[in-house]
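Spelled out, the chains give:
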Amino acid sequence: MEPVEWLMTLAPGQFLVLMLLFVRMSGLVFVMPVFGGPEIPVQVRGLFSLALAAVCWPMVPQTAIPQNLTLLEFFLLVGRELLIGLFLGVGVSIFLSGAQVAGEAIGRMGGLMAADLFDPTSESYVPLLSRLMSLSTLACLLVLGGHRLIMAALLDTLRTLPPGAGFPIDSPGKTLVLLLDLSFHLGMRAALPTLCALLLATVILGLVGRAIPQLNILLLGFGVNSLLTFGVFALSFGAALWVFQEQWEWVVDFLLEALENAPGT
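Just so you know, these numbers come straight off a predicted model, no measurement behind them. Every chain's residues receive numbers from 1 upward, in the order its sequence appears when written. Reporting of local features is limited, given that this is a predicted model, to residues whose pLDDT is at least 70; pairs of side-chain atoms are given and counted only at 80 or more, and all residues count toward the totals for whole chains, interfaces and linings. As a rule here, side-chain values come from all non-hydrogen atoms in the structure, and water together with hydrogens is ignored.

Enquirer: Help me out: how do you make sense of the nonpolar core in this one?
Expert: One recurring pattern in soluble globular proteins: nonpolar side chains tend to sit buried together. By size, the foremost hydrophobic cluster in this structure holds 53 residues, and its most contacted members are Leu-88, Phe-95, Met-133 and Leu-179. Working definition: helices are DSSP H or I runs of at least four residues, strands are E runs of at least two. Numbering for both runs from the N terminus. Among the secondary structure elements, those contributing two or more residues to this core are helix 2 (12-29), helix 3 (42-56), helix 4 (71-110), helix 5 (128-143), helix 6 (146-160), helix 7 (172-211) and helix 8 (217-260). Per-element accounting of this core gives the leading share, 12 residues, to helix 8. Two residues qualify as a contact provided that any one of their heavy atoms is within 4.5 Å of a heavy atom in the partner residue. With sequence-adjacent residues up to four places away left out, Phe-95 is seen in contact with Leu-141, Ser-183, Leu-186, Phe-244, Gln-247, Trp-248 and Val-251. Core analysis: the second largest hydrophobic core is formed by five residues, Leu-16, Leu-20, Val-23 and Leu-77 among them. Take the buried Ala, Val, Leu, Ile, Met, Phe, Trp, Tyr and Cys residues and link them wherever side-chain atoms come within 4.5 Å; each set so joined is a nonpolar core. Only protein chains enter the calculation, and the probe is 1.4 Å; a residue is then buried if its accessible area is under 20% of its type maximum, exposed if over 50%, and partly exposed in between.

See below:
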């Protein structure tokens, strides 16, 4: 008899718990920006998910798993476990996308859209400031322990939604839409100082152009906008990161509360 078959015969319910935990952890690890990028090999992410599942394995009783499952019920159970991890991972990704919105808004207003970089994560060209804001926000959250908060939230789901309980939330889309609205709002707040400075500079250059028609306002405006963009962005960079850091804990609690307050939990 093969070793795996012997272990399954010895404790089939326990290995079903481990498999469901692995699926839940994989849903978060493969989507979350910290671990889900293509720069991290799939094998590493899979082993990390398995390690998290093995650590959490003793925390889940076997009695939480329904017995005598049919094949259809088994796949539905696996799909629901995957949705829990994906729900947390996608929610975090939507929140962090606000930093990209801030950088893209500044780049478009400052006339820097020609300086695009290839982003291996999204496999597309993104504005320079957008990539800078995204990486800086992610680094700031990691330094402040943001990854521990999301992992703690995932562990809390083992208490409120143990493996086998399913994914009873009625409308996960509503929660994600609220996060999308918050992400866009935070992105505009982060970009507001630079956008206001550029708007004021545009108005002043327009008045100067009317007063001194001999000046080449188009050529002068490009240099002024570029200098102003980098200057104001450098001065407000710390405040822009603080905007996202301030809301990070609330976002994680909001995602966890959406799962805890679901009907049937």
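Don't stop here, the text continues.
Enquirer: Explain the packing of helix 4 against helix 7 here, please?
Expert: How two helices sit against one another is set out by the angle between their axes and by the gap between those axes. Contact geometry for helix 4 and helix 7: axes closest at 8 Å, N-to-C directions at 25°. In terms of orientation, helix 4 lies roughly parallel with respect to helix 7. The crossing of helix 4 and helix 7 is right-handed. Note that Gly is not counted as nonpolar here; it falls among the polar residues with everything else outside the nonpolar set of Ala, Val, Leu, Ile, Met, Phe, Trp, Tyr, Cys and Pro and the charged set of Asp, Glu, Lys and Arg. Taken together, the residues that form the contact of helix 4 with helix 7 break down as 21 nonpolar, eight polar and no charged. Working convention: axes come from line fits to C-alpha atoms, limited for helices to the stretch in contact. Angles between N-to-C directions cover 0 to 180 degrees. Comment on the angle field: the value is read as roughly parallel under 35 degrees, roughly antiparallel over 145, roughly perpendicular from 65 to 115, and oblique elsewhere. Throughout, a crossing is termed right-handed when the near helix is turned clockwise from the far one, and left-handed when it is turned anticlockwise from it by less than a right angle.

Enquirer: Help me out: how do you make sense of the pattern of salt bridges in this one?
Expert: Any two side chains of opposite charge can pair, so long as their charged atoms come close to each other. Salt bridges are identified by distance alone: a Lys or Arg side-chain nitrogen within 4 Å of an Asp or Glu carboxyl oxygen. Applying the stated criterion to the full structure yields two salt bridges. Between Glu-81 and Arg-24 there is a salt bridge, and its shortest N-O distance comes to 2.8 Å. With Glu-81 in helix 4 and Arg-24 in helix 2, the pair connects residues that are 57 residues apart, well separated along the chain. Accessibility assignment for this pair places Glu-81 and Arg-24 in one class, buried. For the salt bridge of Arg-108 with Glu-104, the shortest nitrogen-to-oxygen distance reads 3.1 Å. Taken together, the residues Arg-108 and Glu-104, both in helix 4 and four residues apart, mark about one turn of the helix.

Enquirer: Explain the environment of Leu-228 to me, please; I cannot follow it from the model alone.
Expert: Position of Leu-228 among the secondary structure elements: in helix 8. Here Leu-228 is in contact with Ala-197, Leu-198, Ala-201 and Phe-233, once residues within four sequence places are set aside.

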